[in-house]
Amino acid sequence: MSLPLPTHRHALFLDFDGTLADIAEHPQAVRVQPAMVVDLRALHEALQGALAIVTGRTAADLDRFLFPLRLPLAGEHGAHFRLGNGSDEGNSSSRLALVLALENVMEALRPLVEQYPELILEPKNTGLALHFRQAPQLEALCLQALTQALHYIPQAELMRGKCVLEVKVKGTSKGRAIEAFMRQPPFAGRTPLFIGDDVTDESGFAVVQALGGLGVKVGDGPTQARARLESPAEVRSWLQDAAEALTRRSPPLAEKGDP
């Protein structure tokens, strides 16, 4: 199905890598289109704050790439939240224990990364990512090494993505993050729409569609999302059209309230 433009009654959730930005060989080599930042600001204002980034990235990464925006977000697959009211969550004692345990995982993986310099080991606040985009033939070796390293860390789990293996807090997901947003203002009561490109986004598609909204898959591959955009460039074009449409149109009278 073609993707309709959002109305003032929607809540918009967006993945970052492979969705807003084209995937790069190195996580820090991503380039962000300045015009897209302008469109995100316009959409955030037009939707009265009901726009959030839902990503495996850290909040610091997102703030740097989208500067000067500081949007609501669920970072590291929901291990860290910046809520619609600007407050931050995500520093429980169990997560602190995981951070300390992950130091051992980093040490266990160091010989592998030193042997294969095309691998990229990316530490995060409550997890890590092992990227093999430059050496896809090493996927099985990476999987074996990470599985062994995580054997004694019960509070962590392994997740597979596009040419990446991620360690994250057990039980967190993009779907649960979206559910949490949808329980509070300004997201509550709106129709959710989530755009993402990877298998890690499938839980988000399931949640928004169960809530009467729409999941949008970027690129090819099997998905439960009911709509599709072909590329990040098409996502950015859609965002531009959406920003222009919403800023031209006043919110419905029912949303303004009676005097």
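Residues numbered from 1 in each chain as written. Predicted model: local features only at pLDDT ≥ 70, side-chain atom pairs only at ≥ 80, totals over all residues. Heavy atoms only, no water.

(A) Here's a closer look at the side chain of R57. Within the secondary structure, R57 is located in the loop between β2 (51-54) and α2 (59-65). Note on R57: relative accessible area 4%, which makes it buried. One polar contact links R57 to D61, side chain to side chain, over a distance of 3.1 Å. (Helix = DSSP H or I, 4+ residues; strand = E, 2+ residues; numbered from the N terminus. Buried < 20%, exposed > 50% of the residue type's maximum accessible area, 1.4 Å probe, protein only. Polar contact = N/O pair within 3.5 Å; in protein donor to acceptor, adjacent residues only side chain to side chain.)

(B) View of the sheet that holds strand β8 (residues 156-161). Here four strands make up an open sheet; going across it, the order is β6-β7-β9-β8 and the pairing antiparallel. Taken across any chain shown, the strands that pair with only one partner, and hence form the sheet edges, are β6 (120-123) and β8. When strand polarity is set aside, the average angle formed by the axes of neighbouring strands in this sheet is 15°. Pairing analysis gives six bridges linking β8 to strand β9 (residues 164-169), with the strands arranged antiparallel. Bridging from a neighbouring strand, A156 pairs with V169 of β9. (Pairing = 2+ DSSP bridges. Axes fitted to C-alpha atoms, helices over the stretch in contact; angles between N-to-C directions.)

(C) Seen up close, the confidence of the model for the protein. The share of residues in the protein with pLDDT of 70 or more is 89%, and the mean pLDDT across the chain is 88. Counting interchain partners and residues more than four positions distant, the pLDDT-below-50 stretch residues 253-259 has five contacts. (pLDDT = per-residue confidence, 0-100. Contact = heavy atoms within 4.5 Å.)

(D) Broad picture of helix α1 (residues 34-46). Given a rise of 1.5 Å per residue, 13 residues ought to cover 18 Å, and the 19 Å separating the end C-alpha atoms of α1 matches this to within 8%. Among all positions in α1, only M36, V37, D39, L40, A42, L43 and A46 are buried. Next to the buried residues of α1 lie β1 (10-14), β2 and α7 (232-248). (Expected span 1.5 Å × (residues − 1).)

(E) Geometry of unusual backbone geometry. Residue P68 follows F67 across a cis peptide bond; omega there is 10°. Each neighbour pair has its own omega, and for P185 with P186 the value is 0°, a cis peptide bond. Take P186: it is sitting in the loop between α5 (174-182) and β10 (191-196). Look at Q48: it is not a glycine, yet its phi comes out positive at around 55°. Looking at the secondary structure, you find Q48 in the loop between α1 and β2. Within the chain, C163 stands out as a residue other than glycine whose phi angle is a positive 55°. Along the chain, C163 turns up in the loop between β8 and β9.

(F) Focus on the side chain of H77. Assignment of secondary structure puts H77 in the loop between β3 (73-75) and β4 (80-82). The exposure class of H77 is buried, given its relative accessible area of 2%. Within the local environment of H77, its side chain forms a polar contact with the side chain of E166, the two groups lying 3.2 Å apart. Aside from chain neighbours lying at most four places away, what touches H77 is T55, G56, M159, E166, K168, T172, S173, K174 and T200.

(G) Representation of the nonpolar core. Counting residues in hydrophobic clusters, the biggest one holds 55 residues, and the most contacted among them are F13, L66 and L239. Every residue in contact with L239, bar those within four places of it in the chain, is listed here: L12, L14, L20, M36, D39, L40 and L43. Membership of the second largest hydrophobic core comes to 22 residues, among which are A101, V105, L146 and A149. (Core = buried A, V, L, I, M, F, W, Y, C linked by side-chain atoms within 4.5 Å.)

(H) Quick look at the packing of α1 against α7. In the contact formed by α1 and α7, the axes pass within 9 Å of each other and the chain directions differ by 40°. What the angle tells us is that α1 and α7 run oblique. Our pair here, α1 against α7, has a crossing hand that is left-handed. Residues M36, D39, L40, A42, L43 and A46 of α1 form the contact with α7, whose participating residues are R236, L239, Q240, A242, A243, L246 and T247. (Parallel < 35°, antiparallel > 145°, perpendicular 65-115°, else oblique. Left-handed = near helix turned anticlockwise from the far one by under 90°.)

(I) The arrangement of the packing of α5 against helix α6 (residues 202-210) in detail. At a minimum axis separation of 6 Å, α5 and α6 run at an interaxial angle of 35°. Contacts from K174, G175, I178 and E179 in α5 reach S203, G204, V207 and V208 in α6. Here the contact of α5 with α6 is composed, by residue class, of three nonpolar, three polar and two charged. (Nonpolar A, V, L, I, M, F, W, Y, C, P; charged D, E, K, R; others polar.)

(J) Here's a closer look at α5. Buried within α5 are the following residues: K174, G175, A177, I178, F181 and M182. Looking straight down α5, one finds its buried side chains confined to an arc of 160°; they lie on one side. Next to the buried residues of α5 lie β1, β2, β3, β4, β10 and α6. (Arc of directions from axis to C-beta.)

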